[in-house]
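Structural characterization, general
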Amino acid sequence: MNKTRQRFIITGAGMMGLSMALGLRQQGHQVDVIEQGQRPDYGDKPELRVSALAHRSRGLLQQLGVWSVLPAERLGPYTGMEVWDRDSFGGIEFDAAEVHQDNLGAIVENAVLEQALWDAAEAAGVKLATGTTVNAQQLDDDAVQVTLSDGRQLHGDYLIAADGARSGTRERAQLPLTFWDYDQQGIVAVLNTSQPHGGIARQVFMPGGPLAFLPLADPHQVSIVWSADNELAQALQAMPDAAFRKQLQAASDHCLGTLELVSERASFPLKMHYVQRWVQQRLIAIGDAAHSIHPLAGQGANLGFADVAALLEVFSDNLQDHHRTLRNWERERKAAAVVMIAAMESFKRGFGTSQPLARITRGLGLQLAHRLPALKQRLIHAALGQ
Ligand SMILES: Cc1cc2nc3c(=O)[nH]c(=O)nc-3n(C[C@H](O)[C@H](O)[C@H](O)COP(=O)(O)OP(=O)(O)OC[C@H]3O[C@@H](n4cnc5c(N)ncnc54)[C@H](O)[C@@H]3O)c2cc1C
């Protein structure tokens, strides 16, 4: 194949920037990554930021050769999901066996995955600059040029914005953004449970917001994400540990037994955005730089990995007509993000109310989905990212 080697500059060494960099390098391209922080370095304690990765994301990481090097003691495969409504009689359970799978996905600590990606990218020859940012960027139809905060200048064929939800690369390029604030905080923490979690990912919908219990590799340890309205989130953050723990026990209907906090609590403001243009001249936005969604279905990183997988396909070919192929990529990825955002919004609106009629309707909906095998299978396949 007459393949042209391209030069890429990627801002941000999160999960998306690093997987993109590694994939491009494996295709033979030249890649520079600019990261404001340092190489991720996780310790013995479980990290607060985790992601529930679907099979499709795992497929990309397997293809990149990274999945097999992730430490098994830090991977929490889950074989079932239980979703229920605190305020109604509705609930639904999924089991991997129903779709002839060993599991429905795996809970991965972000820093563990980032470190594995970082090391693989470095070994493959990606140039990683740490402790630096981009001060200025110049884009035209054929090339890009960036000036770093340490004064260096880099020249490339493409600039990829992977610098997260508050992407400076996106802002400098003034890519138009659709944006709204959920007025919620995502509270995360790690807890020990007296009852084993059994490899089940659990989510309970409450009027103040959904609460997820994600099973970690330790059978008695879960990571929580409580997406609470701002006022409740502030109260939860201010609570002493014992009171917080009790709230969680009550919310979980005590299905995990007694809970014990083994980490601090952190909170993240929850906002939705997506860029209206994902490609501008030689700039491409991926991951949270392009879209940020509500964490209630744990799909933000999965959406980002799908951006990466599709973009790697674009650059695996000789790009004779990059405008057309990149426009097709943009159309496809934007549609996927908008569908996901709309689904999160209807979930959030449908479950975020204690209005009696809505309560009965969602209870019936969950019961119906549980009893209709075809609908249930479709929901499981959606959870698998298929
Ligand atoms: C509470 C919570 C729970 C979540 N749970 C899930 C889940 O279960 N499953 C799931 O799929 N998704 C989940 N998500 C979403 C997921 O965490 C994100 O979609 C994902 O981390 C985005 O990765 P990224 O690489 O695009 O961005 P980031 O992880 O934000 O990485 C961006 C990188 O860019 C660097 N950077 C930023 N600015 C600059 C700059 N100016 N110069 C240089 N470098 C810069 C940062 O230091 C960072 O390393 C959750 C999100 C939240 C808030």
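Residues numbered from 1 in each chain as written. Predicted model: local features only at pLDDT ≥ 70, side-chain atom pairs only at ≥ 80, totals over all residues. Heavy atoms only, no water.

Quick notes on the layout of surface pockets
Roughly 400 Å³ of internal volume is contained in the second largest pocket. Along its surface, the second largest pocket is lined by 22 residues, and Ala306, Ala309, Ala310, Leu312 and Glu313 are the ones closest to its centre. Only α1 (15–26), α2 (55–63), α7 (300–316) and α8 (322–351) provide two or more residues apiece to the lining of the second largest pocket. With eight residues, α7 is the largest single contributor of residues to the lining of the second largest pocket. Tallied by class, the residues present in the lining of the second largest pocket amount to nine nonpolar, nine polar and four charged. (1 Å grid on protein atoms, 1.4 Å probe; cavity = no way out; pocket = protein on both sides within 12 Å on 5 of 7 lines; lining within 4 Å. Points joined across faces, edges and corners; volume = space filled by probe spheres on them. Helix = DSSP H or I, 4+ residues; strand = E, 2+ residues; numbered from the N terminus. Nonpolar A, V, L, I, M, F, W, Y, C, P; charged D, E, K, R; others polar.)

A few points about the site of the ligand
The environment of the ligand is made up of 29 residues, and the closest members are Glu35, Arg49, Ala52, Asp288 and Ala301. For the ligand, a nitrogen atom lies 3.1 Å from a polar atom in the backbone of Gln36. Here Gly298 contributes a backbone N or O atom positioned 3.0 Å from a nitrogen atom of the ligand. With the chains in place, 84% of the 1000 Å² that the ligand exposes on its own is no longer accessible. Breaking the shell around the ligand down by element, the ones donating at least two residues are α1, β3 (50–53) and α7. For the shell around the ligand, a count of residues per class yields 12 nonpolar, 13 polar and four charged. In terms of domain composition, the shell around the ligand takes at least three residues from each of domain 1 (7–68 + 110–179 + 271–347) and domain 2 (72–109 + 183–269 + 371–383). (Near = heavy atom within 4 Å. Polar contact = N/O pair within 3.5 Å; in protein donor to acceptor, adjacent residues only side chain to side chain. Areas by Shrake-Rupley, 256 points an atom, 1.4 Å probe, with all protein chains shown as cover. Domains from an automatic or database assignment.)

A look at the pairing of strand β5 (residues 80–85)
Counted residue by residue, β5 has five buried out of six residues, so it is predominantly covered. Both β5 and strand β6 (residues 91–95) contribute to a ladder of five bridges, which runs antiparallel. The residue bridging Val83 from the neighbouring strand is Ile92, located in β6. Taken together, the six bridges between β5 and strand β14 (residues 200–206) define a ladder with parallel strand orientation. Each bridged residue has a counterpart across the sheet, and for Trp84 the counterpart in β14 is Val204. (Buried < 20%, exposed > 50% of the residue type's maximum accessible area, 1.4 Å probe, protein only. Pairing = 2+ DSSP bridges.)

A look at the sheet that holds strand β9 (residues 134–139)
Judged by pairing direction, the sheet is antiparallel, and its three strands sit side by side in the order β9-β10-β11 without closing on themselves. At either margin of the open sheet sits one strand with a lone partner, and together these are β9 and β11 (153–156). Across the sheet, the axes of successive neighbouring strands diverge by a mean angle of 15°, strand direction being ignored. Both strand β10 (residues 144–148) and β11 contribute to a ladder of four bridges, which runs antiparallel. Its bridge partner lying in β11, Val144 is registered against Gly156. (Axes fitted to C-alpha atoms, helices over the stretch in contact; angles between N-to-C directions.)

Quick word on the side chain of Arg282
Along the polypeptide, Arg282 turns up in the loop between β19 (279–280) and β20 (283–285). No salt bridge forms around the buried Arg282; measuring N to O, its nearest opposite-charge neighbour Asp142 is 4.6 Å away. Here Asp141 takes part through its backbone oxygen, which lies 3.1 Å from a polar atom of the side chain of Arg282. Residues in contact with Arg282, not counting those within four places in the same chain, are Asp140, Asp141, Asp142, Ala143, Val144, Asp157, Tyr158, Leu159 and His322. (Lys, Arg positive; Asp, Glu negative; His and termini not counted. Salt bridge = Lys/Arg side-chain N within 4 Å of Asp/Glu carboxyl O. Contact = heavy atoms within 4.5 Å.)

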